[in-house]
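Coordinate analysis (summary)
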Amino acid sequence: MVNPTTRQQPSFSHIQTDPLRNFKFQAFIHHADLSDRQPQMGFMSISGLSITTDVVVYRQGGMNTTTQKMPGQSDFAPITLSRGLIVGDSDIFQWVQQIFMVMQGAGGNSGRDEFRANIDIYLLDHPVTTQDVTYKAGWRIYNAWPTSLAFGDLDAGANGVELQQLTLAHEGWDFRIASTYGPDGQIEPFQ
């Protein structure tokens, strides 16, 4: 019987294999009613960055033991942004209210007809080894608009914070990721 052998390296420290951390990120909502006062908004979680392509199944008569599968329509899942409710911060509610008023035919969008916004989300480098933190990955969400705004339950016996969740419909996203590790490996911000 032959014993298999392998050659070991003294250390794998020269190989960068750590995945990016998911807890250091920034979000920028580019909407005329939000950007002037608060372009960078702090969220505690962002979920739903996914795309799904339907499968179109096709069968031919005479070759019906297997099916041919072709790509169909692609769809982007809604994105949900969660953050604590902060005194004086009514920008998100005003955005939702603007859409409601436009859909009801009551105007309410300050003379502008665009209620959609592009959103940039950047994943920051961690651990930070320099004073300036680089963007390691980024998503640009196109033509997003609120479909839902929900607040957390009120509970006199709880010991927590009041949360608000904003759900956005959108028309797709672009994605960038750095090609190398370290402070030199970074992506360019979206324009």
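Residues numbered from 1 in each chain as written. Predicted model: local features only at pLDDT ≥ 70, side-chain atom pairs only at ≥ 80, totals over all residues. Heavy atoms only, no water.

Looking at the overall build of the protein
- Along the backbone of the protein there are two helices and ten strands.
- Reading the protein from its N end, one meets helices and strands in the order β-α-β-β-β-β-β-α-β-β-β-β.
- Contacts spanning at least 24 positions in sequence make up 65% of the contacts within the protein whose residues lie at least 6 apart.
- Looking at the protein as shown, the accessible area adds up to about 13200 Å², and 52% of this sits on carbon and sulfur atoms. (Helix = DSSP H or I, 4+ residues; strand = E, 2+ residues; numbered from the N terminus. Contact = heavy atoms within 4.5 Å. Areas by Shrake-Rupley, 256 points an atom, 1.4 Å probe, with all protein chains shown as cover.)

Some points on the confidence of the model for the protein
- Confidence along the protein averages 85 in pLDDT terms, with 85% of residues attaining 70 or more.
- Mean pLDDT in the protein bottoms out at helix α1 (residues 32–35), which sits at 64, and peaks at strand β3 (residues 45–47), which reaches 97. (pLDDT = per-residue confidence, 0-100.)

What to know about the pattern of salt bridges
- Taken as a whole, this structure holds three salt bridges when the rule is applied.
- Two residues, R83 and D89, come together in a salt bridge whose shortest N-O distance is 2.7 Å. Note on accessibility: R83 and D89 belong to one class, buried.
- Its salt-bridge partner being E171, residue R116 comes within 3.9 Å of it at the nearest N-O pair. Taken together, the residues span a long stretch of sequence, with R116 in the loop between α2 (91–103) and β7 (117–124) and E171 in the loop between β9 (163–169) and β10 (173–177) at a distance of 55 residues. (Salt bridge = Lys/Arg side-chain N within 4 Å of Asp/Glu carboxyl O. Buried < 20%, exposed > 50% of the residue type's maximum accessible area, 1.4 Å probe, protein only.)

Details of the packing of aromatic side chains
- Inspection of the entire model under this criterion finds six aromatic pairs.
- Consider the rings of F115 and W145, whose centres lie 6.1 Å apart with planes at 90°: the pair is edge-to-face. Pair noted here: F115 is in the loop between α2 and β7 and W145 is in strand β8 (residues 135–151), with a separation of 30 residues, a long-range link.
- The exposure class assigned to W145 is partly exposed, which follows from its relative accessible area of 28%.
- A cation over an aromatic ring shows up here: R83 above the ring of F43, its NZ or CZ 5.3 Å from the ring centre. (Phe/Tyr/Trp six-rings, centres within 6.5 Å; stacked < 30°, edge-to-face > 60°. Lys NZ or Arg CZ within 6 Å of the ring centre and 35° of its normal.)

Let's talk about α2
- Here α2 is 13 residues long and its end C-alpha atoms lie 19 Å apart, about the 18 Å a rise of 1.5 Å per residue gives.
- For α2, the complete set of buried residues consists of D91, I92, W95, Q98 and I99. The buried side chains of α2 occupy one side of the element, clustering within an arc of 115° when seen end-on. (Expected span 1.5 Å × (residues − 1). Arc of directions from axis to C-beta.)

Considering the pairing of strand β4 (residues 51–60)
- Here β4 runs beside strand β5 (residues 63–76); their pairing, made up of eight bridges, is antiparallel. Across the sheet, the residue bridging to I51 is F76, located in β5.
- Counted between consecutive antiparallel strands, the loop separating β4 from β5 contains two residues, among which G62 sits at a positive phi close to 90°. (Pairing = 2+ DSSP bridges.)

Concerning unusual backbone geometry
- With an omega dihedral of 5°, the bond running from H126 to P127 counts as a cis peptide bond.
- Phi at N143 is positive, roughly 55°, even though this residue is not glycine.
- With respect to the helices and strands, N143 occurs in strand β8.
- Assessed through its relative accessible area of 29%, N143 is described here as partly exposed.

Thoughts on the environment of M70
- Its place among the elements puts M70 in strand β5.
- As for M70 and T53, which are separated by 17 residues in sequence, their C-alpha atoms are 9.9 Å apart.
- Those residues in contact with M70, other than ones at most four positions away along the chain, are D54, V55, V56 and Y58.

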